[in-house]
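Inside the fold
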Amino acid sequence: MRSKDLEICRKITERIERRRAADGGCPSLQELADSLGIAKSTASRYVAYMKENGMLSGEGRRNIVTPSGSAATVSVPLLGQVACGLPNIADGNVDSRYSLPVAIFGSGEMYMLRARGDSMIEAGIDDGDIVLIKRQDTAQPGQIVVALTGGEATLKRYFPEPEKRRVRLQPENSSMEPIYVTDCVVQGVAVKIIKDAE
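Residues numbered from 1 in each chain as written. Predicted model: local features only at pLDDT ≥ 70, side-chain atom pairs only at ≥ 80, totals over all residues. Heavy atoms only, no water.

1. A closer look at the overall build of the protein
Each helix and strand counted, the protein has 5 helices and 9 strands in total. Along the protein, helices and strands appear, N-terminal first, in the series α-α-α-α-β-β-α-β-β-β-β-β-β-β. Counting over 198 residues, the protein shows a buried share of 45%. If you take every contact in the protein between residues at least 6 apart in sequence, the share linking residues at least 24 apart comes to 60%. In the structure as shown, the protein presents an accessible area of about 9,800 Å², 47% of it carried by carbon and sulfur atoms. (Helix = DSSP H or I, 4+ residues; strand = E, 2+ residues; numbered from the N terminus. Buried < 20%, exposed > 50% of the residue type's maximum accessible area, 1.4 Å probe, protein only. Contact = heavy atoms within 4.5 Å. Areas by Shrake-Rupley, 256 points an atom, 1.4 Å probe, with all protein chains shown as cover.)

Pasting the structure below:
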């Protein structure tokens, strides 16, 4: 299984919270698998993935805690895709929303985008990864930003060059050249990558 389906992650969180509210317990991997119509091994991989990415915590199969059971959460929309290669239009439609723990992911106005392309691989952002973005219109030099230029959005490192009246959008792939633009609008700064795990 290449890509983790965030809808399955949401359903796992929902079932764990429902069980915890009902009797203080936690569903077994088999119970999760049966309720979702997936194999027990698939449920196990999802639970491991969610623990790795801060969506769940706890040790063992019977001691799983969801973020809302242990800390404050923030509701974050998954908006679509952003180019990590040639710029593409960012899809402004909300695909779905997810509750993320504030202690791990921070607070503020945030959104998520699925990375497409290979221009940010040396920063650890691979095709299919989900990037958590803090919405803001300014950035420090060297930060990874969602940059809007010419009506298209792209994910790159941000280097303003005021003396030349331009911005350098730097890929993190040594085989690619930087992009120089004069009409760059920062739409947010990357704060966390949720890996597209096997």
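2. Examining the pattern of salt bridges
The final tally for this structure, using the stated rule, is 6 salt bridges. Of the charged contacts, one joins D127 and R116 as a salt bridge, the two residues approaching to 3.7 Å between their closest N and O atoms. With D127 in the loop between β3 (110-116) and β4 (130-134) and R116 in strand β3, the pair connects residues that are 11 residues apart, well separated along the chain. Judged by its relative accessible area of 35%, D127 falls in the partly exposed class. Linking E161 and R166 is a salt bridge whose minimum nitrogen-to-oxygen distance equals 2.6 Å. E161 gets classed as buried once you look at its relative accessible area, which sits at 11%. Bridged by salt links that share partners, the residues E161, R166 and R168 form one connected network. (Salt bridge = Lys/Arg side-chain N within 4 Å of Asp/Glu carboxyl O.)

3. Considerations on the packing of helix α2 (residues 29-36) against helix α3 (residues 40-52)
Two elements in contact, α2 and α3, have axes whose closest approach is 8 Å; the angle formed by their N-to-C orientations is 110°. When the axis of α2 is compared with that of α3, the two are roughly perpendicular. Contacts between α2 and α3 pair L29, Q30, L32 and A33 from the former with K40, A43, S44 and V47 from the latter. For the contact of α2 with α3, the residue count by class is 5 nonpolar, 2 polar and 1 charged. (Axes fitted to C-alpha atoms, helices over the stretch in contact; angles between N-to-C directions. Parallel < 35°, antiparallel > 145°, perpendicular 65-115°, else oblique. Nonpolar A, V, L, I, M, F, W, Y, C, P; charged D, E, K, R; others polar.)

4. Considering the confidence of the model for the protein
In low-pLDDT regions, the fine details of the predicted coordinates are not to be read closely. Confidence in the prediction of the protein, expressed as mean pLDDT, is 79, and 76% of residues score 70 or more. Model confidence for the protein, summarised as mean pLDDT per element, is weakest for helix α4 (residues 67-70) at 49 and strongest for strand β7 (residues 166-170) at 96. (pLDDT = per-residue confidence, 0-100.)

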